[in-house]
Amino acid sequence: MFSEDLFEIKNSDLFIVDLMYAGLENMTMCPVYERIGFGNRAFVRKEMLEKLEKLTPFLRRQQLKLKICDAYRPPIAHEMLHDIVPIPVFFADSCQRSLHCRGAAIDCCLCYEDGRELVYPTRIDAYEKQYAEQLMSGNEENFSRHLQKARHDYQNPDMPDEIANRNQLKELMESIGLEAIPHEWWHYNLPNGADYPLIVWKKD
Ligand SMILES: [Zn+2]
């Protein structure tokens, strides 16, 4: 184990681990976690794991699962992501600022037992490849409009289920003591996340 401060969230009847940076479904289109040998493994601080375990009664009662799409992010992976798409709004240019690199944040959504995601106003990671290309060629308008949908205060009468599911997730995560951020409905972190030190990972 590379850090005694991190604990693994394993695939189970409650959690699905499907990290976006372990596959191609991310804005860089590069399976960065696989490339560095980290793989599809979700690690978090003990405090985070303990909070997530409190979801058990809710998930069982509702016959839902929590899908984890990112958790601890090795700083070296963060650097790679930033090198591929050097746009600060996508990846803070220093890992210092990412709570993922401290094991203090997760990206997640609820899904049914068969793994299908509930509907939400955007994909779990609204930072999609097409917008990276547009931004790099100087077109910010589409992306800014799209990012509004990722916000917790985004409202749309044509998306009642999407908005209700987003609100339900927020209520649920706050009920176990995690904090939302205004501009990414899928991101939750420990309230004092920035106080935790960065954790360095390297392949054995
Ligand atoms: Zn996040």
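Parameters and conventions
- Residues numbered from 1 in each chain as written.
- Predicted model: local features only at pLDDT ≥ 70, side-chain atom pairs only at ≥ 80, totals over all residues.
- Helix = DSSP H or I, 4+ residues; strand = E, 2+ residues; numbered from the N terminus.
- Rg over C-alpha atoms; globule rule 2.2 N^0.38 Å.
- Contact = placed C-beta atoms within 7 Å.
- Expected span 1.5 Å × (residues − 1).
- Buried ≥ 20, exposed ≤ 12 C-beta atoms within 10 Å, placed from the backbone.
- Arc of directions from axis to C-beta.
- Axes fitted to C-alpha atoms, helices over the stretch in contact; angles between N-to-C directions.
- Parallel < 35°, antiparallel > 145°, perpendicular 65-115°, else oblique.
- Nonpolar A, V, L, I, M, F, W, Y, C, P; charged D, E, K, R; others polar.
- Pairing = 2+ DSSP bridges.
- Core = buried A, V, L, I, M, F, W, Y, C linked by C-beta atoms within 7 Å.
- pLDDT = per-residue confidence, 0-100.

Within the chain, the regular secondary structure consists of 7 helices and 7 strands. Each helix (α) and strand (β) of the chain, taken in turn from the N terminus, gives the series β-β-α-β-α-α-β-α-β-α-α-α-β-β. Relative to the 2.2 N^0.38 estimate, which gives 17 Å for 204 residues, the radius of gyration of the chain is 16 Å and therefore close to what a compact globule would have. Judged by the C-alpha coordinates and their principal axes, the chain covers about 50 × 45 × 30 Å. Pairs at least 24 residues apart make up 73% of the contacts formed inside the chain by residues separated by at least 6 positions.

In this model helix α7 (residues 160-175) runs 22 Å from its N-terminal to its C-terminal C-alpha over 16 residues, within 8% of the 22 Å that 1.5 Å per residue would give. Residues of α7 that are buried: R166, L169 and M173. For α7, the angular spread of buried residues about the axis comes to 60°, placing them on one side. Among the exposed residues of α7, those oriented more than 90 degrees off its buried face are P160, D161, N167, E171, E174 and S175. On its buried side, α7 packs onto β5 (105-112), β6 (179-181) and β7 (184-189). G177 sits one or two residues past α7 and shows a positive phi near 95°.

On to the packing of helix α5 (residues 129-136) against helix α6 (residues 141-148). Packed helices, taken two at a time, are described by the angle their axes make and the gap between the axes. Where α5 contacts α6, the axes come no closer than 8 Å and their chain directions differ by 140°. By the angle between their axes, α5 is oblique relative to α6. Between α5 and α6, the residues in contact are Y131, Q134 and L135 and N142, F143 and H146, respectively. Its residues assigned to classes, the contact of α5 with α6 comprises 3 nonpolar, 3 polar and no charged.

With that out of the way, let us pick up the sheet that holds β7. The strand order across the open sheet built from 5 strands is β2-β4-β5-β7-β6, with neighbouring strands paired in mixed fashion. The sheet terminates laterally at β2 (15-17) and β6, the two strands that pair on one side only. In this sheet, neighbouring strand axes are inclined to one another by 40° on average, regardless of whether the strands run parallel or antiparallel. The pairing of β6 with β7 spans 3 bridges and is antiparallel. In the strand pairing of β7, E179 is matched with N189.

Let us look at the nonpolar core. Counting residues in each nonpolar core, the largest one holds 45 residues, and the members touching the most others are Y21, V44, I68, A71, I106 and C108. At 4 residues, the largest contribution of residues to this core is made by β5. Dropping the residues within four chain positions of it, I106 is found in contact with V44, M48, I68, D70, A71 and Y188.

It is worth spelling out unusual backbone geometry at this point. Of note, the phi angle at M29 is positive, near 60°, even though the residue is not glycine. Relative to the assigned elements, M29 resides in the loop between β2 and α1 (32-35). In the Ramachandran plot, Q63 falls in the positive-phi region, its phi being about 55° despite a non-glycine side chain. Mapped onto the secondary structure, Q63 falls in the loop between α3 (56-62) and β4 (64-70). Residue classification places Q63 among the exposed positions, given that 9 C-beta atoms sit within 10 Å.

Turning our eyes to something else, we now look at the confidence of the model for the chain. Taken residue by residue, the chain gives an average pLDDT of 91. The fraction at 70 or more is 96%. Averaged pLDDT values over the elements of the chain bottom out at 77 in α5 and peak at 98 in α7.

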